[in-house]
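Single-letter residue listing:
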Amino acid sequence: MRLDALMRDLTRTIAAAEIDNPRLEARLIAMTASGLGLEAMIAYPDTPIDPDTCAYAYALAEARVLGAPSAYLVGHKEFWSLDFKVSSATLVPRPDSETLVSAALEFAEGSDWAGRVLDLGTGSGCLLLAFLSERRLAYGTGIDASAEALEVAAANAVLLGLASRASFACANWSTALRGRFNLVFANPPYIRASDINGLGLEVRDFEPFEALDGGSDGLMCYRAILADLPRVMAPGARVFFEVGQGQAADVAALCAKAGLAPIGLYRDLAGIERCVVAEKNRLD
């Protein structure tokens, strides 16, 4: 079979499932199955594709139709214009989370910023590594309860050339840490337990449940983090929390209760309050 014929078949299959951008989805699957790059895909549509490769591509398309996120099928996802490896042990990086990176870079102004960064619930490492890619003198630590997720994060650090400035550890939030950090990212589970069954198929059935479940009110993990976080924050350090829609005020109140001053709120591209920023007293 020629590549263009395979692309037509894949596009038709994905379009029939009413998935957005079926041709783009088909191209990602064809690239993954064949190993061809984008330029080759476009320039040589008559490339012959062997039967085993076709079978693999059709299997990937069928999995996509059944709801598997394309990022898991192709094994990577773009975030902050960087290519991140992902697996079913990690959430798929989302553009909404780039709001935290933008906000943190405003705080850590200047390419010579050399603080210590902590990323709680690091997953694929996308927040920490995107930030380190912009601040060449900074060092960071990513924490996650999942050893499998940490393997993905460590692999991403190597792939992005950041392994010398990023370390990873399996722990319960910050409780096992010593020393102090100047900047903290935290993207904890924040979906109310009662809302999880109502999530889209791709999220509900394929992304890791433990990375979604925020307890009865969605705030369980914020409370757990804030019970210890001030201990490991340097004077004047800031924490950048990702929050779900409608949670910003509650998370800001939890920060204040923990002794951190809420000082900022950032909206994502859809206008949703996505990032709550709180600061530790500079005299502490």
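These numbers come from a predicted model, not from an experiment. (Residues numbered from 1 in each chain as written. Predicted model: local features only at pLDDT ≥ 70, side-chain atom pairs only at ≥ 80, totals over all residues. Heavy atoms only, no water.)

*Asks:* Is there a simple way to think about the layout of surface pockets in this case?
*Replies:* Rolled over the atoms, a probe with the dimensions of a water molecule shows which regions are left empty. Here the largest pocket defines a volume of roughly 940 Å³. Taken together, 43 residues form the lining of the largest pocket, with Leu91, Asn187, Pro188, Pro189 and Ala211 sitting closest to its centre. For the lining of the largest pocket, the residue count by class is 21 nonpolar, 13 polar and 9 charged. Put simply, the second largest pocket is a space of about 620 Å³. Residue classes in the lining of the second largest pocket are distributed as 11 nonpolar, 4 polar and 9 charged. (1 Å grid on protein atoms, 1.4 Å probe; cavity = no way out; pocket = protein on both sides within 12 Å on 5 of 7 lines; lining within 4 Å. Points joined across faces, edges and corners; volume = space filled by probe spheres on them. Nonpolar A, V, L, I, M, F, W, Y, C, P; charged D, E, K, R; others polar.)

*Asks:* Help me understand the pattern of salt bridges in this model?
*Replies:* Should their charged atoms come close, side chains of opposite charge can pair. As enumerated under the stated definition, the model contains 13 salt bridges in all. For Arg94, the salt bridge goes to Glu207, with nearest N and O atoms at 2.3 Å. With Arg94 in the loop between strand E2 (82-85) and helix H6 (98-107) and Glu207 in the loop between helix H9 (201-206) and helix H10 (220-226), the pair connects residues that are 113 residues apart, well separated along the chain. For Arg94, a relative accessible area of 30% corresponds to the partly exposed category. For Asp205, the salt bridge is made with Arg204, and the minimal N-O distance between the two is 2.9 Å. Three or more residues joined by partner-sharing salt bridges are found here, namely Glu25, Arg64 and Glu202. (Salt bridge = Lys/Arg side-chain N within 4 Å of Asp/Glu carboxyl O. Helix = DSSP H or I, 4+ residues; strand = E, 2+ residues; numbered from the N terminus. Buried < 20%, exposed > 50% of the residue type's maximum accessible area, 1.4 Å probe, protein only.)

*Asks:* Would you explain the packing of helix H1 (residues 3-16) against helix H4 (residues 51-65) in this entry?
*Replies:* Between two packed helices, both the angle of their axes relative to each other and the distance between the axes serve to describe the pair. It is at 9 Å that the axes of H1 and H4 come closest, and there the two elements cross at 15 degrees. Considering the angle they form, H1 stands roughly parallel to H4. The two elements H1 and H4 meet at a crossing, and its hand is right-handed. Along its contact with H1, which presents Leu6, Asp9, Leu10, Thr13 and Ile14, the element H4 presents Cys54, Ala57, Tyr58, Ala61 and Val65. In the contact of H1 with H4, the residues fall into 8 nonpolar, 1 polar and 1 charged. (Axes fitted to C-alpha atoms, helices over the stretch in contact; angles between N-to-C directions. Parallel < 35°, antiparallel > 145°, perpendicular 65-115°, else oblique. Left-handed = near helix turned anticlockwise from the far one by under 90°. Contact = heavy atoms within 4.5 Å.)

*Asks:* Sorry if this is basic, but what is going on with the nonpolar core here?
*Replies:* Soluble globular proteins tend to bury their nonpolar side chains together. If you look at the biggest cluster of nonpolar residues, it comprises 31 residues, and the most contacted ones within it are Leu118, Leu120, Tyr222, Leu229, Val239, Phe241 and Val251. Secondary structure elements with two or more residues in this core: strand E3 (116-120), strand E6 (181-186), H10, strand E7 (233-242), helix H11 (248-257) and strand E9 (273-279). When residues no more than four places from it in sequence are discounted, the contact partners of Leu118 are Thr141, Ile143, Ser174, Leu177, Phe181, Leu183, Val184, Phe185, Leu229 and Val232. Counting residues in each nonpolar core, the second largest holds 27 residues, with Ala103, Cys126, Leu129 and Phe131 among its members. (Core = buried A, V, L, I, M, F, W, Y, C linked by side-chain atoms within 4.5 Å.)

*Asks:* Please clarify how the sheet that holds E3 should be interpreted in this entry.
*Replies:* Strand pairing in a sheet relies on backbone hydrogen bonds. The paired strands run either parallel or antiparallel. With mixed pairing, the 7 strands of this open sheet are ordered in space as E5-E4-E3-E6-E7-E9-E8. At either margin of the open sheet sits one strand with a lone partner, and together these are strand E5 (166-170) and strand E8 (261-267). Each neighbouring strand pair of the sheet contributes to a mean axis angle of 20 degrees, computed without reference to strand direction. Pairing of E8 with E9, which is carried by 6 bridges, proceeds in the antiparallel orientation. Across the sheet, the residue bridging to Ala261 is Glu279, located in E9. Strand contacts of H6: E6, E7, E8 and E9, with the helix running at about 155 degrees to E7, the strand carrying the most contacts. The sheet strands contacting H11 are E7, E8 and E9, and the helix crosses E9 at an angle near 10 degrees. (Pairing = 2+ DSSP bridges.)

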